[in-house]
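# Residue-level structure breakdown
Residues per chain are reported as follows:
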Amino acid sequence: MMLVNGQPRDSISALDRGLAYGDGLFETIRFVYGDAPLWSRHMHRLLTSCERLHMPAPNPQQLHQEAQQAVGNQREAVVRITVTRGVGERGYALPSVTATTRIVAAFPMPSIVVSIYRDGIRMHRCHTMLADQPMLAGMKHLNRLEQVLARAEWNDPAIGEGLLCDQHGHAICATAANLFAVVDGVPVTPSLERCGVAGVARAEVLDALPACQIRDLSATDCLRASELFLSSSIRGILPVQAVGDTVYAPGPVTRAMQQHWRDLGFATEQA
């Protein structure tokens, strides 16, 4: 089901700035039996990102009601909330009056092979690099062209994700997940001050793993790590089995974070 500004619709104006300029934000939220365990984290990121973009923020309570309406009686669902700056005059200048567009759509939870939680996924090392833009770093804004180009680099169904680096040779993230490594016994996740999306699952892991360092992580250090895992608000905690020819095994940090994830209420992932 899809709602546009609270009404059942599946289209928006061709003059919407989200379509014209990518002028907007989105959240992808997993619901289990009508509940979204990471809802408050999603709303925090959405509201702070609206403030950073000088965009009126939606009402979280209204969004929650619309999300539940869209989910209906689905046992597990993925809800995408999109907020754009709405219809505006031609040109980049902000509209004199902003009437945001609010889209809430629910989709069935994608099927995931359960064995990947036990054995891990293979990753492709992407040639596409993320560009520096500190003013947009961390936000889940609508411009995802870097990720689109990166994902186009492989079509092997045995590869589950791609490792993205920045222009300085630092490992940053996967195409649709955040990255964690255990380097010399210390958990590390890349700094996202210049590029990348600060995921809500990443925030949850950081709270659950206070020893984790947030710093630049060179691709070399990433490849010599004893553990690699990904965090995704939809797919959960995914061990990395290999990046190219470099092989890893799920370790104690990865397993502890998988247990934490299940304790949140995402009990379908049994590693």
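As a reminder, the structure under discussion sits directly above these lines.
A few points on the structure.

Here is what the cut-offs are and how they apply
Residues numbered from 1 in each chain as written. Predicted model: local features only at pLDDT ≥ 70, side-chain atom pairs only at ≥ 80, totals over all residues. Heavy atoms only, no water. Axes fitted to C-alpha atoms, helices over the stretch in contact; angles between N-to-C directions. Helix = DSSP H or I, 4+ residues; strand = E, 2+ residues; numbered from the N terminus. Parallel < 35°, antiparallel > 145°, perpendicular 65-115°, else oblique. Left-handed = near helix turned anticlockwise from the far one by under 90°. Contact = heavy atoms within 4.5 Å. Pairing = 2+ DSSP bridges. Phe/Tyr/Trp six-rings, centres within 6.5 Å; stacked < 30°, edge-to-face > 60°. Buried < 20%, exposed > 50% of the residue type's maximum accessible area, 1.4 Å probe, protein only. Polar contact = N/O pair within 3.5 Å; in protein donor to acceptor, adjacent residues only side chain to side chain. Disulfide = S-S within 2.5 Å.

Moving on, we come to the packing of helix α2 (residues 39-52) against helix α3 (residues 60-71). At a minimum axis distance of 11 Å, the contact between α2 and α3 shows a crossing angle of 130°. When the interaxial angle is binned, α2 and α3 end up oblique. Read as a crossing pair, α2 and α3 show a hand that is right-handed. For the pair formed by α2 and α3, the contact residues are W39, M43, L46 and L47 on the first element and P60, L63, H64 and A67 on the second.

On the basis of which strands lie adjacent, the open sheet formed by five strands has the order β2-β1-β5-β4-β3 and antiparallel pairing. The open sheet terminates on both sides in strands that have one partner only, identified here as β2 (7-8) and β3 (24-32). Looking at chain direction, strand β1 (residues 2-4) and β2 are connected through two bridges and run antiparallel. Counterpart to L3 in the pairing with β2 is P8.

For the rest of this paragraph, the subject is the packing of aromatic side chains. Throughout the structure, instances matching the rule amount to four aromatic pairs. Ring geometry for F180 against F229: centres 5.0 Å apart, planes inclined by 5°, an arrangement best described as stacked. With F180 in strand β9 (residues 178-183) and F229 in strand β12 (residues 227-232), this pair connects stretches of sequence that are 49 residues apart. F229 carries the same exposure label as F180, and that label is buried. Taken together, a centroid distance of 4.4 Å and an interplanar angle of 15° make the contact between W261 and F266 stacked. Comparing W261 with F266, the two get one shared label, buried.

Moving on, we get to the side chain of E27. Structurally, E27 can be placed in strand β3. Here the side chain of E27 touches R45 through a polar contact of 2.6 Å, side chain to side chain. Among all residues touching E27, those that are not within four sequence positions of it are H42, R45, L46, V79, R80, I81 and V200.

Tallied over the entire structure, the rule returns zero disulfides. With no disulfide partner, C212 has as its closest neighbouring cysteine sulfur the one in C222, 13 Å distant. C222 gets classed as buried once you look at its relative accessible area, which sits at 0%.

Our next topic: the pairing of strand β13 (residues 236-243). Most of β13 sits out of view: seven of its eight residues are buried. As paired strands, strand β6 (residues 121-130) and β13 are joined by three bridges and run parallel to one another. Paired with M123 across the bridge in β13 is V243. Relative to β13, β12 is paired through four bridges, and the arrangement is antiparallel. Directly across from L230, in β13, lies its bridge partner L238. Counting the residues that bridge the hairpin from β12 to β13 gives three residues. Judged from the two bridges that link them, β13 and strand β14 (residues 246-247) form a sheet pairing that is antiparallel. Opposite V243, over in β14, you have T246 as the bridge partner.

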